[in-house]
Amino acid sequence: MNIPQDFHLAASGGEVFSTASFQGRWTVLYFYPKDATPGCTSEAQDFRDHYDAFRALGAEIVGVSRDSLAAHDKFRTKEALPFPLVSDPDEVLCQAFDVIKEKKNYGKTYMGIERSTFLLNPQGAVVREWRKVKVAGHVAEVLQALQEVAG
């Protein structure tokens, strides 16, 4: 997978997420289907609750979905998330990380984000990836992997 060069995407809180955002620190980049849904809320809360442990290891957490900035800002405020949420409506990062997959729900087939997490080193290279993530226990697993490679 190749991180796109020279991209700039809007993030919650008026932030901008770009190629440079991956440089110089560990990054936990997690892709999730939709703001304020049960699984996505639980995952965001778990990352929030472990945020200090990630930061102590020099890592930033960044959430990505196709939701609008307004939805991200509302979700971030409601859940008191200390990390940015990137709006990727044109699927720039989603396509680069190959997380757009065929999904089925209530008998309907559609293309959506497959819950996935990537651990990037300070040079921006992916050192670990998790696909088809199940929320329960996932954040602890990512934190353990970060401790192994960065601790």
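Residues numbered from 1 in each chain as written. Predicted model: local features only at pLDDT ≥ 70, side-chain atom pairs only at ≥ 80, totals over all residues. Heavy atoms only, no water.

### Considering the sheet that holds strand S4 (residues 59–65)
Argument step 1. The strand order across the open sheet built from five strands is S5-S4-S3-S8-S9, with neighbouring strands paired in mixed fashion. Whereas interior strands pair on both sides, the edge strands pair on one side only; in this sheet they are strand S5 (85–87) and strand S9 (126–130). Each strand axis lies, on average, 20° off the axis of its neighbour in the sheet, ignoring direction.
Argument step 2. Examined bridge by bridge, strand S8 (residues 116–120) and S9 share four bridges and lie antiparallel to one another. When the sheet's bridge partners are listed, Leu120 is paired in S9 with Val126.
Argument step 3. Taken strand by strand, helix H3 (residues 69–79) contacts S4 and S5, and its axis lies near 165° from that of S5.
Argument step 4. Contacts between helix H5 (residues 138–150) and the sheet are confined to strand S3 (26–31), S4, S8 and S9, with S9 contributing the most and set at about 160° to the helix. (Pairing = 2+ DSSP bridges. Helix = DSSP H or I, 4+ residues; strand = E, 2+ residues; numbered from the N terminus. Axes fitted to C-alpha atoms, helices over the stretch in contact; angles between N-to-C directions. Contact = heavy atoms within 4.5 Å.)

### Observations concerning the environment of Phe17
Argument step 1. Its place among the elements puts Phe17 in strand S2 (residues 16–18).
Argument step 2. Separated by 45 residues in the primary sequence, Phe17 and Val62 place their C-alpha atoms 9.1 Å from one another.
Argument step 3. Those residues in contact with Phe17 that lie beyond four places of it in its chain are Phe7, His8, Leu9, Phe22, Leu29, Val62, Val86 and Leu93.

### Structural notes on the pattern of salt bridges
Argument step 1. Taken as a whole, this structure holds 10 salt bridges when the rule is applied.
Argument step 2. Measuring nitrogen to oxygen at the nearest pair gives 3.9 Å for the salt bridge that ties Glu79 to Arg48. One end of the pair, Glu79, is in helix H3; the other, Arg48, is in helix H1 (residues 38–49), with 31 residues separating them in the sequence.
Argument step 3. The class for Glu79 is buried, based on a relative accessible area of 9%.
Argument step 4. Residue Arg48 is classed as partly exposed on the basis of its relative accessible area of 26%.
Argument step 5. In this structure, Arg55 and Glu60 form a salt bridge, with 3.5 Å as the shortest nitrogen-oxygen distance.
Argument step 6. It is possible to trace a salt-bridge network through shared partners that takes in Arg48, Asp49, Lys78 and Glu79. (Salt bridge = Lys/Arg side-chain N within 4 Å of Asp/Glu carboxyl O. Buried < 20%, exposed > 50% of the residue type's maximum accessible area, 1.4 Å probe, protein only.)

Just geometry here; none of it tells us what the structure is for.
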